[in-house]
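Structural overview for review
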Amino acid sequence: MSTRSDSPHLAPPLSSVLLSSAGVVEGVLDGRSLTDALTDVSAALRPATQAVSFHAMRYLGWADAVGRELVQRYPSVLFESLLLVSLTLLKEEGEAAAQLPGMPVYAAHTVVDQAVTAASNTRSLASFKGMLNACLRRFLRERAALEAAVADSPEAQWNHPGWWVKQLGIAYPQDWQRILESANVPAPLTLRVNRRRASREQVLAAFEAAGLEAQPVGQAGVVLGSPKPVTQLPGFAEGWWSVQDAGAQLAAELLAPTDGMRVLDACSAPGGKTAHLLELADIDLVALDADGERLERVEQNLDRLGLASKRVQLEAADAADLDAWWDGKPFDAVLADVPCTASGIVRRHPDIRWLRRENDVRRTATLQARILDSLWKTVAPGGRLLYVTCSVFPIEGARQALEFLQRHPEAQRLDAPGQLLPVALNATPVEQHDGFFYALFAKQS
Ligand SMILES: C[S@@+](CC[C@H](N)C(=O)[O-])C[C@H]1O[C@@H](n2cnc3c(N)ncnc32)[C@H](O)[C@@H]1O
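In the nomenclature of an unreviewed UniProt entry, the protein corresponds to 16S rRNA (Cytosine(967)-C(5))-methyltransferase RsmB from the organism Achromobacter spanius. For the protein, the Sequence similarities (unreviewed entry) comment in UniProt is given as "Belongs to the class I-like SAM-binding methyltransferase superfamily. RsmB/NOP family."

Below, the structure written as structure tokens:
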């Protein structure tokens, strides 16, 4: 086995990692998020399983198409998942494998041998180990012909569902390939310094002293040269910083709260932007989220960052149901970081593309419009509302903003970036960010 220097230390046998990764992929095929499915994996296997299953998600479209060439009918979803995971590890060889960002690199014969061992060691797969062996060996023998057979499939070529590729092609005739390719570049670890606890210079100096390469980005960001577990970085327990993509760091800056303002963070969990708002000014803040469990994470994050106070009120409620939570006192500034398809953060969550269905996009856009219309009522005359999504589909972004203005002629659109497309391909860590949409509206007094 050989691993690149940035691959995790893969101490457990590859057969165990392949089997646990197959279990995780099986979970995603069954509709679970990758993060959730990974919680079932033992601590000893988790780092390696995470690396292998993230990689599998990035190349699942290609592996699925090749798998269909190799197998008429899968004996089980676990078999299918084990085959697909193994194929993604065989996707490139030698130099090409080393070039594929984030690819855990193993010799081909090791992958085949360990996949077959994984099948032998698993009661429900043992009688299919010969079939698995034959499929993987056939792939190695007939790679070129199999690659050619799937080349025309958009899923195989772009590793996204066909409907997703089509929608991006229509929306971004110039950029769609770059967007799709950016989705397969593993994201850097980007932090936002909590200016109430530390300066950026202080954080950069502490990282340098710990031998970590880091650079400033944006107004308060720091991007690491290579990702590390956050608890191992200086300043985590002290609340010096939070993990947040550079594109997401624009939200609180655009809403620009000032001391004494009454502010609403309407879809706040897990609290990344809530904390940023509180770092920027002394405000009275209501933080809502429909999901009570996720709201607990807002509380934990504010505690760690030293930002919890009597001026912060957390409410588990549907933002669109004003009767349930609003006392009628208007807000000077409202952050509407609404639920979305998350199509702009696929590089951080490579499973999202496989979990979404085409009709989710319209369904989500309808929910967003409902939340937006309700929240607009809570904005004080002269106040502002920032609409945010981490999506690249225009129906959740540019079109949503346009339709909002048509429904609310009293809203004035202020300067904001609009659609930020994800930047990752051929970009330095400092240049990279996820895809977001930002529209800022003022309510005329
Ligand atoms: C994009 S996430 C918010 C991320 C958060 N602002 C941050 O920066 O950490 C969207 C959130 O909206 C919440 N949500 C979904 N439907 C909602 C609703 N009807 N009212 C309020 N929150 C809702 C979800 O539970 C989710 O936590």
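**Here we look at the site of the ligand**
Around the ligand sit 19 residues, and of these Gly272, Asp289, Arg294, Ala319 and Asp337 come closest. Residue Pro270 places a main-chain N or O atom 3.5 Å away from an oxygen atom belonging to the ligand. In the model, an oxygen atom of the ligand is placed 3.2 Å from a nitrogen or oxygen of the Gly271 main chain. Tallied by class, the residues present in the shell around the ligand amount to 10 nonpolar, 3 polar and 6 charged.

**Here we look at the sheet that holds strand β4 (residues 241–243)**
Taken in spatial order, the 4 strands of this open sheet run β2-β3-β1-β4, and their pairing is antiparallel. Because the sheet does not close on itself, it has two edges, and the strands there are β2 (214–217) and β4. Going across the sheet, the axis of each strand differs from the next one's by a mean of 30°, ignoring polarity. By the bridge criterion, 3 bridges tie strand β1 (residues 190–193) to strand β3 (residues 221–224) in an arrangement that is antiparallel.

**Digging into empty space enclosed by the protein**
The final tally for this structure, using the stated rule, is 1 cavity of 30 Å³ or more. For the largest cavity, the calculated volume is near 70 Å³. Lining the largest cavity are 14 residues; nearest its centre among them are Ile179, Ala183, Ser343, Val346 and Pro422. Residue assignment for the lining of the largest cavity shows that the elements contributing at least two residues are α11 (162–171) and α12 (176–182). Of the residues contributing to the lining of the largest cavity, the split by class is 8 nonpolar, 4 polar and 2 charged.

**Some details on the UniProt feature "active site" (unreviewed entry) in the protein**
Here, UniProt's "active site" (unreviewed entry) annotation points to Cys390. Structurally, Cys390 can be placed in the loop between β9 (379–389) and α20 (398–407). Taking relative accessible area as the criterion, Cys390 reaches 16% and is therefore assigned buried. Excluding residues that lie within four positions of it along the chain, Cys390 makes contacts with Cys340, Ala342, Ser343, Gly344, Ile345, Gly435 and Phe436.

**Quick look at a negative patch on the surface**
There is a patch of like negative charges on the surface, built from Asp291, Glu293, Glu296, Glu299 and Asp303. Topologically, Glu299 is positioned in helix α16 (residues 292–305).

**Looking at α20**
Listed in full, the buried residues belonging to α20 are Gln400, Ala401 and Phe404. Taken around the axis of α20, the buried residues stretch over an arc of 100°, which confines them to a single face. Residues of α20 that are buried in the fold lie against α19 (358–377), β9, β10 (411–420) and β11 (436–443).

**Digging into the packing of aromatic side chains**
Summed over all chains, the structure comprises 14 aromatic pairs. Look at Phe79 and Phe128: their rings are 6.3 Å apart centre to centre, the planes differ by 75°, and that puts the pair in the edge-to-face class. Highlighted residues: Phe79 in helix α5 (residues 77–90) and Phe128 in the loop between α7 (108–120) and α8 (129–141), separated in sequence by 49 residues. Judged by relative accessible area, Phe128 falls into the partly exposed class, the value being 28%. Judged by centre distance (6.1 Å) and plane angle (35°), the rings of Trp163 and Phe393 are tilted. Of this pair, Trp163 sits in helix α11 while Phe393 sits in the loop between β9 and α20; the two residues are 230 residues apart in sequence, bridging distant segments of the chain. No difference in accessibility class separates Trp163 from Phe393, as the two residues are buried. Following the ring pairs from residue to residue traces out a cluster consisting of Tyr74, Phe79 and Phe128. Over the aromatic face of Trp62 sits the side chain of Lys91, whose NZ or CZ is 4.9 Å from the ring centroid. Stacked on the ring of Trp376, the Lys or Arg Lys443 has its end atom at 5.3 Å from the ring centre.

Calculation criteria
Residues numbered from 1 in each chain as written. Predicted model: local features only at pLDDT ≥ 70, side-chain atom pairs only at ≥ 80, totals over all residues. Heavy atoms only, no water. UniProt positions renumbered as here; feature names shortened; annotations may be inferred. Near = heavy atom within 4 Å. Polar contact = N/O pair within 3.5 Å; in protein donor to acceptor, adjacent residues only side chain to side chain. Nonpolar A, V, L, I, M, F, W, Y, C, P; charged D, E, K, R; others polar. Pairing = 2+ DSSP bridges. Helix = DSSP H or I, 4+ residues; strand = E, 2+ residues; numbered from the N terminus. Axes fitted to C-alpha atoms, helices over the stretch in contact; angles between N-to-C directions. 1 Å grid on protein atoms, 1.4 Å probe; cavity = no way out; pocket = protein on both sides within 12 Å on 5 of 7 lines; lining within 4 Å. Points joined across faces, edges and corners; volume = space filled by probe spheres on them. Buried < 20%, exposed > 50% of the residue type's maximum accessible area, 1.4 Å probe, protein only. Contact = heavy atoms within 4.5 Å. Patch = residues over 30% accessible without salt bridge, like charges linked within 9 Å, V, L, I, M, F, W, Y side chains within 5 Å. Areas by Shrake-Rupley, 256 points an atom, 1.4 Å probe, with all protein chains shown as cover. Salt bridge = Lys/Arg side-chain N within 4 Å of Asp/Glu carboxyl O. Lys, Arg positive; Asp, Glu negative; His and termini not counted. Charge placed at Lys NZ, Arg CZ, Asp CG, Glu CD. Arc of directions from axis to C-beta. Phe/Tyr/Trp six-rings, centres within 6.5 Å; stacked < 30°, edge-to-face > 60°. Lys NZ or Arg CZ within 6 Å of the ring centre and 35° of its normal.

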